[in-house]
Amino acid sequence: MMSCRPSPDACCFPDAQTCIDSAGSAYELRGGEGAPVAVLIHGLGLTRRMWRDIASRLVARYRVLAYDLCGHGESRACGRPPDLSLLSEQLRRLLDELSISKAALIGFSLGGMINRRFAMDHPGRVLALVILNSPHERSPEQQALVEERAARTDAGGTNATIDATLARWFTEAFIRERADVVARVKECVLANDARDYAAFRRLLASGVLELIRPEPPISAPALVMTCAQDSGSTPEMSQAIAGEISGAQLVIEPDLRHLGLLQEPERFAAPVETFLQGALA
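The following paragraphs examine the structure supplied in this document. (Residues numbered from 1 in each chain as written. Predicted model: local features only at pLDDT ≥ 70, side-chain atom pairs only at ≥ 80, totals over all residues. Heavy atoms only, no water.)

**Considerations on the state of the cysteines**
The line we're drawing: Cysteine sulfurs are considered disulfide-paired once they come within 2.5 Å of each other. Each helix is a run of DSSP H or I of at least 4 residues and each strand a run of E of at least 2, with the numbering of both proceeding from the N terminus. Burial here depends on accessible area, computed with a 1.4 Å probe over protein chains only, as a share of the maximum for the residue type. Under 20% is buried, over 50% is exposed, and the range in between is partly exposed.
Going through the model one piece at a time under the given rule, you end up with two disulfides. Two residues, C4 and C19, share a disulfide whose sulfurs are 2.0 Å apart. Its S-S torsion of about 100° marks the bond between C4 and C19 as right-handed, since a negative value means left-handed. A residue pair is termed long-range when its members are at least 10 positions apart, and C4 in strand β1 (residues 3-6) and C19 in strand β2 (residues 17-20) qualify at 15 residues. Judged by its relative accessible area of 11%, C19 falls in the buried class. There is a disulfide in this structure between C70 and C78, and the S-S distance comes to 2.2 Å. For the disulfide bridge between C70 and C78, the dihedral angle about the S-S bond is near 85°, and by the sign convention the bridge is right-handed. A residue is classified by how much of its surface remains accessible, and C70, at 9% relative accessible area, is buried. For C78, a relative accessible area of 18% corresponds to the buried category. The connectivity of the disulfide-linked cysteines in the chain, indexed sequentially, is 1-2, 3-4. Free of any disulfide, C12 has its nearest cysteine sulfur in C11, 8.2 Å distant.

**Observations concerning the sheet that holds strand β7 (residues 126-132)**
Applicable threshold: Pairs of strands are assigned from DSSP output, requiring at least two bridges between the strands. Axes here mean lines fitted to C-alpha atoms, for a helix over just the part in contact, with angles spanning 0 to 180 degrees between N-to-C directions.
Taken together, the nine strands give an open sheet; going across it, the order is β1-β2-β3-β5-β4-β6-β7-β8-β9, and neighbouring strands pair in mixed fashion. One side of each edge strand has no neighbouring strand; the edge strands of this open sheet are β1 and β9 (249-253). The average angle at which neighbouring strand axes cross in this sheet is 20°, direction not considered. Examined bridge by bridge, strand β8 (residues 222-227) and β9 share five bridges and lie parallel to one another.

**Observations regarding helix α5 (residues 162-169)**
What counts is decided by this rule: An arc is given here, and it is the one of the directions from the helix axis to the C-beta atoms.
Those residues of α5 that sit buried are I162, T165, L166, R168 and W169. The arc that holds every buried residue of α5, seen down its axis, measures 160°, which confines them to one face.

**Some words on the pattern of salt bridges**
We count it as follows: The term salt bridge refers to a side-chain nitrogen of Lys or Arg lying within 4 Å of a carboxyl oxygen of Asp or Glu.
Applying the stated criterion across every chain, the model contains 19 salt bridges. In this structure, R63 engages E33 in a salt bridge whose closest nitrogen and oxygen atoms are separated by 3.4 Å. Placement of R63 in strand β5 (residues 63-67) and of E33 in the loop between β3 (26-30) and β4 (37-41) is noted, with a sequence separation of 30 residues between them. You can call R63 buried: its relative accessible area is 16%. Note that R117 and E210 form a salt bridge whose closest N and O atoms lie 3.1 Å from each other. In this pair, R117 sits in helix α3 (residues 110-121) while E210 sits in the loop between α8 (194-206) and β8, placing the two residues 93 residues apart along the sequence.

**Here's the deal with the packing of aromatic side chains**
Definition in use: Note on aromatic pairs: the rings of Phe, Tyr and Trp (six-membered ring only in Trp) are paired at centre separations within 6.5 Å, and the planes decide the class, stacked below 30 degrees, edge-to-face beyond 60, tilted for the rest. Any Lys NZ or Arg CZ that is within 6 Å of a ring centre and within 35 degrees of that ring's normal is treated as a charge sitting over the ring.
As enumerated under the stated definition, the model contains one aromatic pair in all. On the numbers, 5.2 Å between centres and 25° between planes, the contact of F170 with F174 is stacked. Taking the relative accessible area as the measure of exposure, F170 reaches 0% and is therefore buried. Seen from the ring of F13, R30 lies directly overhead, with NZ or CZ sitting 5.2 Å from the centre.

Here you go:
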């Protein structure tokens, strides 16, 4: 049974309500009945609120569904250590309850791992994929580094790594000039349960292994984007993801780091809109 309540500070659309599905997933759904559905899937430690700038543009043309991953925001805890299959199932269940048979899936970072897993699990339900700043196959050195970061989070809690994380997510100039945005992101990440956050960080480190060179290959139309200075979801990783999906488009944004989507949303909104207009025509 679903329920809805006012929750403006948490929502993707400022005037929306938070609805909760029967499994405890918090979501909001806006846009014209009958329009193609675009689903927004956020990244580690964040919530659906991160999509505000993108969603406000997409809703003019699409029915936009934004939700919080289990253990994030207003959604219920996962109930067991998260893996990509669990998160794919969370999305499948939500779509079923909303009677959405097919959708374009727009995922950032961990969200770009989830939408790929969903496309592997339910290929007939995916209209298109947008994979933003998402990791892929790492070198042994890169893999050791992300596993070390996950271990530090396990040992010291979210506070142990948050400042280094923000330095990887935003450019130095943006951290100086937009302290308000950086503080809001920091607050969001620190609001997560420390054990849940550590478990998701382990998933971010290990989950890419099941996404490499999928068989059969993902066949949905795809746009793959990242930033030139994203050290965790590098241009080489995005090139590899695009190379494994026939016909995928690749965009590398210069000068930005992992959360370029929040730093300069227009540079992401425009290519995403152009891609969706072609893929969903």
